[in-house]
Amino acid sequence: MTHKFKFGDRVIDKTMYLGECVVINASEKSVYIMNERGDYNVVARPESLELIQHPDTVRLDYIERIISIDGIVKREMRKGWTLFVDDIALTTPEPLLRDAIDEAMELTEGVKPQ
C-alpha cells in the first residue's frame, strides 16, 4: 500500500534526486512536489516518494519514548529549560525547550535534529 501524501508533507523522491521536497498537491496516481529552494517543481509517482519526519516530530517522539512526562521538564526563571530522568538533569538550562530536547537527544542517542 502506498502512503497517501497530503499538502505540506516533506518527502524525498528516490528516482529524481531532487533532495528534500514538499508536497503541494496529491492524488492517487501522482504527487506534485517542489524542492525546498522553490526552484524546481515536478509531478512524481507516489511509490517513488519517501516520507521524511519533520524535526519537531522527531523531538516529540523522543520525549514520548524516552522520558516519562511527570515532572521531567522544568523551567527556571532566567535560566531556561532542563530535562530530567529520575531526578538527574540530562541537560544544562537552555533558553528554548527545543534546544534542551536537542541536547538530551544528542547525549542519549547521539542524534541531533536539524
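Data block above holds the structure.
Asks: What am I meant to see in the environment of Ile 12 here?
Replies: Inspection of the secondary structure assignment puts Ile 12 in strand β1 (residues 10–13). As a C-alpha pair, Ile 12 and Val 22 span 10 residues in sequence and 8.6 Å in three-dimensional space.

Asks: Could you clarify how one ought to interpret the pairing of strand β2 (residues 20–26) in this entry?
Replies: When β1 meets β2, the two strands line up antiparallel, connected through 3 bridges. Along β2, the bridge assignment pairs Arg 10 with Val 22. Between β1 and β2, which pair antiparallel and follow one another directly, the connecting turn spans 6 residues, one of which, Tyr 17, has a positive phi of 55°. Where β2 lies against strand β3 (residues 31–35), 5 bridges are found, and the strand directions are antiparallel. Its bridge partner being in β3, Asn 25 is matched across the sheet by Tyr 32. Linking β2 to β3, which pair antiparallel, is a turn of 4 residues.

Asks: Just to check I follow, could you spell out the sheet that holds β1 for this structure?
Replies: Overall, antiparallel pairing links the 5 strands, which are arranged β4-β3-β2-β1-β5 in an open sheet. Either end of the sheet is taken by a strand with one partner, and the two such strands are β4 (41–44) and β5 (49–52). Each neighbouring strand pair of the sheet contributes to a mean axis angle of 45°, computed without reference to strand direction. As paired elements, β3 and β4 share 4 bridges and run antiparallel to each other.

Calculation notes
Per chain, residues are indexed from 1 in the order of the written sequence. A pLDDT threshold of at least 70 governs which residues receive local features in this predicted model, and a stricter bar of 80 or more applies before side-chain atom pairs are shown or counted, although totals over entire chains, interfaces and linings include all residues. Based on all heavy atoms of the structure, the side-chain values leave hydrogens and waters out of the count. What counts as a helix is a DSSP run of H or I of at least four residues, what counts as a strand is a run of E of at least two, and both are numbered from the N terminus. Two strands qualify as a pair provided DSSP detects at least 2 bridges between them. Comment: axis = line fitted to C-alpha atoms, over the contacting stretch for helices; angle = value between 0 and 180 degrees taken between N-to-C directions.

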